[in-house]
Amino acid sequence: MTEIAIRKPLIAGNWKMYKTGTQAVAAAKQLADLTQGVTGVDIMIAPTALSLPLMAAALGKDAQVRLGAQNIYPGTEGAFTGEVSGPMIKDAGADYVIIGHSERRQYFGETDETVGSKIRAALDAGLIPVMCIGETESQRDADKTFFILDKQVSDGLKGFDLGDLNSLVLAYEPVWAIGTGKTAGPEQVKEVHGFLRHLIKEKYAEGLAAKMRILYGGSVKPGNIKDLMHIEDVDGALVGGASLNPADFNKIIRF
Ligand SMILES: O=C(CO)COP(=O)(O)O
């Protein structure tokens, strides 16, 4: 079996703070209809936490479109006003949780250390963590891309051992490509994804590196997904804006 064959692509939609529950259910049903018959790809949508139980009920237990949360509190329950825990996310019908998105790092003070504690909480709750990493434009301009990515991975995964990380998904989202219409060029994506897989191999094991899915995110659209998916070491996409429209997201899923 080749390395590629053991990595099933994952196309994930991050709906961020868009769509009411009513709108979310309607879009989920549309997407479920559009994607009927699609095989060989995992599909996930991460709506606001409020929409998770509504969408789970609308899609049904065995739906092909799976659900994810956009954030998690690193603790199971307690007096933490406004927070949502792993067991609550799981109970609401999600299988995944996005952790450390650049918007959470930028606006909500998340650090590599909080990312690590959230990954632990996700694993404890039986959720698949989608760990987001990526450099800013000024970091890239200063030639610090690989230093930053190494630090985000090393500090975020500090204390985890091989067995912990079987399900972990990495998402490379260059901050300068998010919502800007700028996509990283094929050479840049290839270079970074190759670097990340090598990093996981060096830190953990070849077997883990070979099976870890590494997604690309940042202005992914129906028009560029095919080229992105052809790049070595790209195992899927984390899609923002274009995932809000079921017709566009369906085209991306059918790359
Ligand atoms: O942040 C993203 C996904 O998490 C990417 O957003 P866009 O696809 O809108 O650039």
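Conventions and cut-offs
- Residues numbered from 1 in each chain as written.
- Predicted model: local features only at pLDDT ≥ 70, side-chain atom pairs only at ≥ 80, totals over all residues.
- Heavy atoms only, no water.
- UniProt positions renumbered as here; feature names shortened; annotations may be inferred.
- Helix = DSSP H or I, 4+ residues; strand = E, 2+ residues; numbered from the N terminus.
- Rg over C-alpha atoms; globule rule 2.2 N^0.38 Å.
- Buried < 20%, exposed > 50% of the residue type's maximum accessible area, 1.4 Å probe, protein only.
- Contact = heavy atoms within 4.5 Å.
- Areas by Shrake-Rupley, 256 points an atom, 1.4 Å probe, with all protein chains shown as cover.
- Lys, Arg positive; Asp, Glu negative; His and termini not counted.
- Charge placed at Lys NZ, Arg CZ, Asp CG, Glu CD.
- Near = heavy atom within 4 Å.
- Polar contact = N/O pair within 3.5 Å; in protein donor to acceptor, adjacent residues only side chain to side chain.
- Nonpolar A, V, L, I, M, F, W, Y, C, P; charged D, E, K, R; others polar.
- Pairing = 2+ DSSP bridges.
- Axes fitted to C-alpha atoms, helices over the stretch in contact; angles between N-to-C directions.
- Salt bridge = Lys/Arg side-chain N within 4 Å of Asp/Glu carboxyl O.
- Right-handed = clockwise from strand over helix to strand, strands pointing away.

If you look the protein chain up in an unreviewed UniProt entry, it shows as Triosephosphate isomerase from Desulfobacter latus. The protein chain has a UniProt comment under Subcellular location (unreviewed entry) that states "Cytoplasm". Listed under Subunit (unreviewed entry) in UniProt, the entry text for the protein chain is "Homodimer."

Visitor: For the overall build of the protein chain, give the residues involved together with the corresponding values.
Guide: For the protein chain, the helix and strand inventory stands at eleven helices and eight strands. Relative to its length of 255 residues, the protein chain is compact, with a C-alpha radius of gyration of 17 Å against a globular reference of 18 Å. Expressed as a percentage of the 255 residues in the protein chain, the buried residues total 49%. Within the protein chain, counting contacts between residues at least 6 apart in sequence, those at least 24 apart form 72% of the total. Approximately 11700 Å² of the protein chain is accessible, and the part contributed by carbon and sulfur atoms is 53%. Computed over 27 positive and 31 negative side-chain charges, the separation of the two mean positions in the protein chain equals 4 Å.

Visitor: Can you explain the site of the ligand? Please cite residues and give values.
Guide: Around the ligand lies a shell of 13 residues, among which Lys16, His101, Gly179, Ser219 and Gly241 are the nearest. A distance of 2.8 Å is found between an oxygen atom of the ligand and a backbone nitrogen or oxygen belonging to glycine 241. For the ligand, the accessible surface in isolation is 310 Å², of which the surrounding protein chains cover 96%. Tallied by class, residues from the shell around the ligand come to four nonpolar, seven polar and two charged.

Visitor: Got a sec to walk through the UniProt feature "binding site: substrate" (unreviewed entry) in the protein chain? Specific residues and values, please.
Guide: If you check UniProt for "binding site: substrate" (unreviewed entry), the listed places come out as Asn14, Trp15, Lys16, Gly179, Ser219, Gly240 and Gly241 in our numbering. Across 228 residues, the annotated set stays spatially compact, with a maximum C-alpha separation of 14.0 Å. Tracing the backbone shows lysine 16 in the loop between strand 1 (10-14) and helix 1 (21-34). Looking at where glycine 241 falls in the secondary structure, it is placed in the loop between strand 8 (236-239) and helix 11 (246-253). According to the relative accessible area criterion, glycine 241 is exposed, its value standing at 52%.

Visitor: Account for the sheet that holds strand 4 (residues 96-99), naming residues and giving values.
Guide: Taken in spatial order, the eight strands close into a barrel running 1-2-3-4-5-6-7-8, and their pairing is parallel. Across this sheet, the average inter-strand angle for adjacent strands is 25°, counted without regard to direction. The pairing of strand 7 (residues 213-217) with strand 8 spans two bridges and is classified as parallel. Considered in strand 8, the bridge of glycine 217 is made with leucine 238. Helix-sheet contacts for helix 2 (residues 52-59) involve strand 2 (42-46) and strand 3 (65-69), and the interaxial angle to strand 3 is about 170°. Contacts between helix 7 (residues 145-156) and the sheet are confined to strand 5 (128-133) and strand 6 (169-172), with strand 5 contributing the most and set at about 150° to the helix.

Visitor: With reference to specific residues and values, describe the pattern of salt bridges.
Guide: Taken as a whole and assessed by the stated rule, the structure comprises 17 salt bridges. Taking the shortest distance from any N to any O, the salt bridge between lysine 8 and aspartate 42 comes out at 3.1 Å. Of this pair, lysine 8 sits in the segment before strand 1 while aspartate 42 is found in strand 2, placing the two residues 34 residues apart along the sequence. For lysine 8, a relative accessible area of 40% gives the class partly exposed.

Visitor: Which residues make up the environment of lysine 90, and what values go with them?
Guide: Along the chain, lysine 90 turns up in helix 3 (residues 86-91). With a relative accessible area of 36%, lysine 90 lands in the partly exposed category.

Visitor: Describe the pairing of strand 4, listing the residues and the values that go with them.
Guide: Alternating positions in strand 4 separate into two faces, Tyr96 and Ile98 on one and Val97 and Ile99 on the other, with burial throughout. In the sheet, strand 3 pairs with strand 4 via two bridges, with the strands oriented parallel. Within strand 4, the position partnered with glycine 68 by the bridge is tyrosine 96. In this fold, strand 3 hands off to helix 3, which returns the chain to strand 4; that crossover is right-handed. Where strand 4 lies against strand 5, four bridges are found, and the strand directions are parallel. From the neighbouring strand, tyrosine 96 faces strand 5, where its bridge partner is isoleucine 128.

Visitor: Describe the pairing of strand 8, and please don't skip the residues or the numbers.
Guide: Burial of strand 8 is two-sided: the residues Gly236 and Leu238 facing one way and the residues Ala237 and Val239 facing the other way are all buried. Looking at chain direction, strand 1 and strand 8 are connected through four bridges and run parallel. Its bridge partner lying in strand 8, isoleucine 11 is registered against alanine 237.

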